[in-house]
Structures are given as C-alpha cells and as structure tokens.
Amino acid sequence: MPLGNWLKAHWDGCFDRLIVLEEPRAGALPAARIQGMLDGLQSVIGPVPAEKRLTLNSGNTSEISEAAMTAALKQMPGEHRLAVISFNDDAAIGALMAARRLNREADVVIVGQGADRRVREELRQPGSRIIGSTAYEPERYGEKLIPLALKILRGEQVPPAVYMEHMFVRAMPESENV
C-alpha cells in the first residue's frame, strides 16, 4: 500500500496515530474498502494496535470531516506523525483543511478514495500532504458488465463475483512537478 511505503520512506515506518475517516451509514462496500486500506497498510508496516487507531465519522462531506478532524487534532497536540485513511476524497480534503487551519499540515499524511477532481488538483501541489487516492473508474465497469450480462443471457455459468482492477493515483515526484 502506498501509505505504508510513504511511512517507511519518510517516517521510518513509524507514526503516532492512524486516523480512519469513515461514514458508517455508507454501508458494507465503503467499509470493505477501508478494511482493504488498513490491510494494505499493515502488510507493509506490520500490525497497527487498536490503541494507535482513531476512527472518526466523516459525515460524507468535507465540512463534517474537517470539523471532526479539527476536534481530533486539538485533542492530540503532542502527536505529530498522523497517518489518515479516508473513506472518500471529500473526507480527505476535510482532513487536509483541518490540518492547514491549525498549522499542522506537516503532521499529517492522507490517502483518499475516488481520485476526484479536487484531490487530483491537490496532488498537483508540490509537497501536498494528500499523497494519493484510489481511482475506481466506474466508466470502465461496462467492459466487464456487458460480457458478463451476455453470458448470463446465454445461460452460461458465471463466477459469483467479478472484480475490477483499481488504480492508485499519486502525486508526481517533485522533480517531475512542473
């Protein structure tokens, strides 16, 4: 996972706290994606003990995420290496805005999900603390769905699940950022 690799490269694989920005009302799929991010992180840096995790409700908006993150940052004045995984890019942007408003941007490293326009714009900023976001590219789902639907219509056997490959969109290295 890119967050684990970043932590190893920049903070010797150490951090004070893992902040998980979730939205419980969003259901099983976003929860599974958060779990996947956590599993990927742990595959690189090892287990993250429960006492090092803080889960916040992002409320599915950057404003609610910013408010939750602001409150959390104020409760952790002595913690300066905060890894953040976000259930979507709005939550990631909210976390970044909170860190900026409190002059704690250097204390956070953030990954999002969705690779939406706002995050892609942020990734173009040199030294951004959002290091990337998973792009799900729903515009490509038809490539798998149409052949699957045709097999179903022909009465052919199909697998119980069909998965799409996702892509992690990351910032360009500063040497390439023109």
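That block above? That's the structure.
Residues numbered from 1 in each chain as written. Predicted model: local features only at pLDDT ≥ 70, side-chain atom pairs only at ≥ 80, totals over all residues. Heavy atoms only, no water.

Q: Teacher, can you tell me more about the pattern of salt bridges here?
A: Close approach of charged atoms allows side chains of opposite charge to pair. Following the criterion strictly, the structure yields 10 salt bridges and no others. Here Glu122 ties to Arg100 by a salt bridge, and the two come within 2.7 Å at their closest N and O atoms. Here Glu122 is found in helix α5 (residues 117–123), whereas its partner Arg100 is found in helix α4 (residues 89–101), with 22 residues between them in sequence. Residue Arg100 is classed as partly exposed on the basis of its relative accessible area, which comes to 30%. One salt bridge connects Arg154 with Glu156, and the closest N-O pair in it is separated by 2.6 Å. By relative accessible area, Glu156 is classed as partly exposed at 37%. (Salt bridge = Lys/Arg side-chain N within 4 Å of Asp/Glu carboxyl O. Helix = DSSP H or I, 4+ residues; strand = E, 2+ residues; numbered from the N terminus. Buried < 20%, exposed > 50% of the residue type's maximum accessible area, 1.4 Å probe, protein only.)

Q: Help me understand the packing of aromatic side chains in this model?
A: Each aromatic ring pair is characterised by the separation of its centres together with the angle its planes make. Overall, the coordinates contain one aromatic pair when judged by the stated rule. For the pair Trp6 and Trp11, a centre-to-centre distance of 5.0 Å together with 85° between the ring planes defines the contact as edge-to-face. The pair Trp6 / Trp11 is uniform in exposure class, with both members buried. (Phe/Tyr/Trp six-rings, centres within 6.5 Å; stacked < 30°, edge-to-face > 60°.)

Q: Please clarify how the pairing of strand β2 (residues 53–57) should be interpreted in this entry.
A: For a regular strand, side-chain orientation follows a simple rule: the groups alternate between the two sheet faces. One ladder, built from five bridges, connects strand β1 (residues 17–22) with β2; its direction is parallel. In the strand pairing of β2, Val20 is matched with Thr55. Following the backbone out of β1, through helix α2 (residues 28–45) and into the adjacent parallel β2, one traces a crossover that is right-handed. (Pairing = 2+ DSSP bridges. Right-handed = clockwise from strand over helix to strand, strands pointing away.)

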